[in-house]
Amino acid sequence: MDYKALDKEYIVNVYNRLDAVIDHGKGAVLYDVNGKEYIDLSAGIAVNIFGVCDDVWKNAVISQLNTLSHISNVFYTEPQIILAEKLCKKTGMKKVFFSNSGAEANECAIKAARKYSHDKYGNGRYTIITLKNSFHGRTMATLTACGQDSLHEDFGPFLDGFVYADANDFDSVVKLAEENSVCAIMMEVVQGEGGVKPLDPMFVHQVSEYAKAHDILVIIDEVQSGNGRTGALYAYMNYGIHPDIVSTAKAIGGGLPMGATLFADTTQYALTDHTHGSTFGGNPICAAGAITIIDRLDDAFLTEVKEKGLYIKKELESCKNVEYVSGMGLMIGVKLKKDLMDVVNECIDKGVLVLTANGLLRLLPPLNIPMDVLKKGIAIIKEVIEA
Ligand SMILES: *Cc1c(COP(=O)(O)O)cnc(C)c1O
C-alpha cells in the first residue's frame, strides 16, 4: 500500500509528516509497517509518558470499556470524580473542568479568567497578556493567544483582548498591564513549541507577585510541560508559584484525548451553571486511564525523570555540532550547528524518533523509558549529530 500517496490524497496536508508509517509497539519501542524498529524519543509529543500500550493504563481502559463507554455530563460518573479528587489533592487546586485537548483546556481557562473579571469588575477588563514565542493551541481564541506572528498571518480577524509581552522581560509585562485593562497573564513556564525554553525563575516570581497585587490571574499552560515531564508533577512547581488556573492535556490521558483545567481557591467559582460544558470531557474511558497515569507520578518516579534528563543533557552538551542544550527534566531542546532536518531524518533512518521545536531538535521520551533503551537512542543521536 502506498501510504504516503494515499495520505497526501485523502488527508488535509497540514502535517508535513516524517518518514515512518508507525504500526505498533510497546513502551518506548515502536515498529513500522515493514517491521523496522524505532526507539521513541517523541512519545506522541509528550503524550505517551508510559510509552505506548502501557499495561496498567490499558487494563484500566479495557475494564472501563467493558463497563460504561460514554454517558453525558448531565449525569455523574465515578472515574471523572476520582480523577478530579486526585488532581486537586496532589496540586492543592480546588476544582477541575475536563475537556478533550490542550486547546480546549486553554479555552476554558480564558473563558474563566474573563468571567472572573467580569463578575468582579464589570465590562471591559478582559485583556490577557501572553508571551512572545508562546504556543497555546489552534482554536481561534488559543491561536490568538499564541505569541507567534507566523501563526497570525492567515486567519484574521482575531479575538480582541490579547497582548504579547517579551518572555523574561518583567518591564514589558508591567507596561502592557498599565496600558490595557488586564484580567490575566497566561504563560508556559517551559515554552515547548517556542523552542523548549524554561522561563527565568526571577521573571516568573516577579510576574506572579505583580499579578497577585493587581488581581490579575496567573494562568499556567501545562499542556506539554505538565504531568511529570519536567521532573515535577507540574512545571510551575519547580518555580514555587501558586497559579490561579492551570491547564493541562497531552500526557494526562495516557494516549487518549483529555484536557483538564484546574482552578485554585481564587477562581474555583468563576464558571457557574451552564457557562461552560463539553460532550466528551471527562469521558469514563479517558478518565479511567488518566487515573492510572496520575497515580504513578510520585516522588521516586519524578526523581528518575530528573536523573534521565541530566543524563541526556550531559551526553549531548559535550557533542561536536551542538551549540547548546535547553529544557528541564525530560523536555529537552538541542540547538545544532548543522541542518536540523538532515539530523531528524537521519535519526529516523537509523531508528530513533525525534521531534523539532522552533529550530531546535526536541526530545520528549516516555518518562519511564528504560535506561538501556535511552542510552541506545542517545548514542545513535550523538553519532548522527557528530557525523
Ligand atoms: C500541544 C499544546 C497545546 C495544544 O494542545 P492540543 O491538544 O493540540 O489542542 C497547547 N499548549 C501547549 C503548551 C501545547 O504544547
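Since the model is a prediction, treat every value here as computed from it, not as a measurement.

(A) Just the sheet that holds strand 10 (residues 217-221), in detail. Read across the open sheet, the seven strands follow the order 4-12-11-10-7-5-6; overall the sheet is mixed. Each of the sheet's edge strands pairs with one partner strand only, and the pair in question is strand 4 (95-99) and strand 6 (162-165). Adjacent strand axes in the sheet meet at a mean angle of 20°, parallel and antiparallel pairs treated alike. Here four bridges tie strand 7 (residues 182-187) to strand 10, and the two strands are oriented parallel to one another. The residue of strand 10 that forms the bridge with Met-186 is Ile-219.

(B) Inspection of helix 12 (residues 371-386) at higher detail. Relative to the 22 Å expected for 16 residues at 1.5 Å per residue, helix 12 spans 22 Å between its end C-alpha atoms, a close match to the ideal helical length. Among all positions of helix 12, only Val-373, Leu-374, Gly-377, Ile-378, Ile-380, Ile-381, Val-384 and Ile-385 are buried. Along the axis of helix 12, the buried positions cluster into a sector of 155°, meaning they face one direction only.

(C) Representation of the pattern of salt bridges. Across all of its chains, the model carries 15 salt bridges by this definition. With its nearest N and O atoms 2.8 Å apart, the salt bridge here joins Asp-215 to Lys-120. A residue pair is termed long-range when its members are at least 10 positions apart, and Asp-215 in the loop between helix 8 (201-213) and strand 10 and Lys-120 in helix 5 (residues 102-121) qualify at 95 residues. The network of salt bridges with shared partners includes Lys-26, Asp-55 and Lys-58.

(D) Molecular detail of the side chain of Asn-283. Among the structural elements, Asn-283 can be located in the loop between strand 12 (259-263) and helix 9 (284-295). With a relative accessible area of 9%, Asn-283 lands in the buried category. Within the structure, Asn-283 has its side chain in polar contact with the backbone nitrogen of Ile-285 (distance 2.8 Å). If sequence neighbours within four positions are ignored, Asn-283 has contacts with Ser-69 and His-70.

(E) Layout of the domain arrangement of the protein. Per the domain assignment, the segments of the protein are domain 1 (3-53 + 299-386) and domain 2 (68-296). Here the C-alpha centre of domain 2 lies 26 Å away from the C-alpha centre of domain 1. Contacts between the two partners involve 26 residues from domain 1, matched on the other side by 27 residues from domain 2. Between domain 1 and domain 2 the total buried area reaches about 2,100 Å² when both faces are included, carbon and sulfur atoms providing 64% of it. Across the pair Glu-193 and Arg-362 runs a salt bridge whose closest N-O atoms are separated by 2.9 Å.

(F) The packing of aromatic side chains, seen in detail. In total, this model carries two aromatic pairs according to the counting rule given. With centroids separated by 5.9 Å and ring planes inclined at 80°, the aromatic side chains of Phe-170 and Tyr-210 adopt a geometry described as edge-to-face. In this pair, Phe-170 sits in helix 7 (residues 170-179) while Tyr-210 sits in helix 8, placing the two residues 40 residues apart along the sequence. Just above the ring of Phe-50 sits the side chain of Arg-296; from NZ or CZ to the centre is 3.8 Å.

(G) Molecular detail of the site of the ligand. Not every one of the 13 residues close to the ligand is listed here, only the nearest: Gly-102, Ala-103, Asp-221, Gln-224 and Lys-250. Note that an oxygen atom of the ligand is positioned 2.8 Å from one of the backbone N or O atoms of Ala-103. Within the backbone of Phe-135, an N or O atom sits 3.3 Å from a nitrogen atom of the ligand. Relative to its free-state accessible area of 380 Å², the ligand is covered by the protein chains to the extent of 85%. Top contributing element to the shell around the ligand by residue count: helix 5, with three residues. Grouping the amino acids of the shell around the ligand by side-chain chemistry returns three nonpolar, six polar and four charged.

(H) Representation of the nonpolar core. Judged by nonpolar contacts, the single largest core of 95 residues is most densely connected at Leu-316, Leu-361, Leu-363 and Ile-381. Structurally, this core is a two-domain feature, drawing no fewer than three residues from each of domain 1 (3-53 + 299-386) and domain 2 (68-296). When sequence neighbours within four positions are dropped, the list of residues in contact with Leu-316 reads Val-322, Val-325, Val-334, Leu-363, Ile-378, Ile-381, Lys-382 and Ile-385. By size, the runner-up hydrophobic cluster in this structure holds 19 residues, among which are Ile-110, Ala-141, Ala-145 and Leu-217.

Rules behind the numbers
Residues numbered from 1 in each chain as written. Predicted model: local features only at pLDDT ≥ 70, side-chain atom pairs only at ≥ 80, totals over all residues. Heavy atoms only, no water. Pairing = 2+ DSSP bridges. Helix = DSSP H or I, 4+ residues; strand = E, 2+ residues; numbered from the N terminus. Axes fitted to C-alpha atoms, helices over the stretch in contact; angles between N-to-C directions. Expected span 1.5 Å × (residues − 1). Buried < 20%, exposed > 50% of the residue type's maximum accessible area, 1.4 Å probe, protein only. Arc of directions from axis to C-beta. Salt bridge = Lys/Arg side-chain N within 4 Å of Asp/Glu carboxyl O. Polar contact = N/O pair within 3.5 Å; in protein donor to acceptor, adjacent residues only side chain to side chain. Contact = heavy atoms within 4.5 Å. Domains from an automatic or database assignment. Buried area = accessible area lost by both parts, 1.4 Å probe. Phe/Tyr/Trp six-rings, centres within 6.5 Å; stacked < 30°, edge-to-face > 60°. Lys NZ or Arg CZ within 6 Å of the ring centre and 35° of its normal. Near = heavy atom within 4 Å. Areas by Shrake-Rupley, 256 points an atom, 1.4 Å probe, with all protein chains shown as cover. Nonpolar A, V, L, I, M, F, W, Y, C, P; charged D, E, K, R; others polar. Core = buried A, V, L, I, M, F, W, Y, C linked by side-chain atoms within 4.5 Å.

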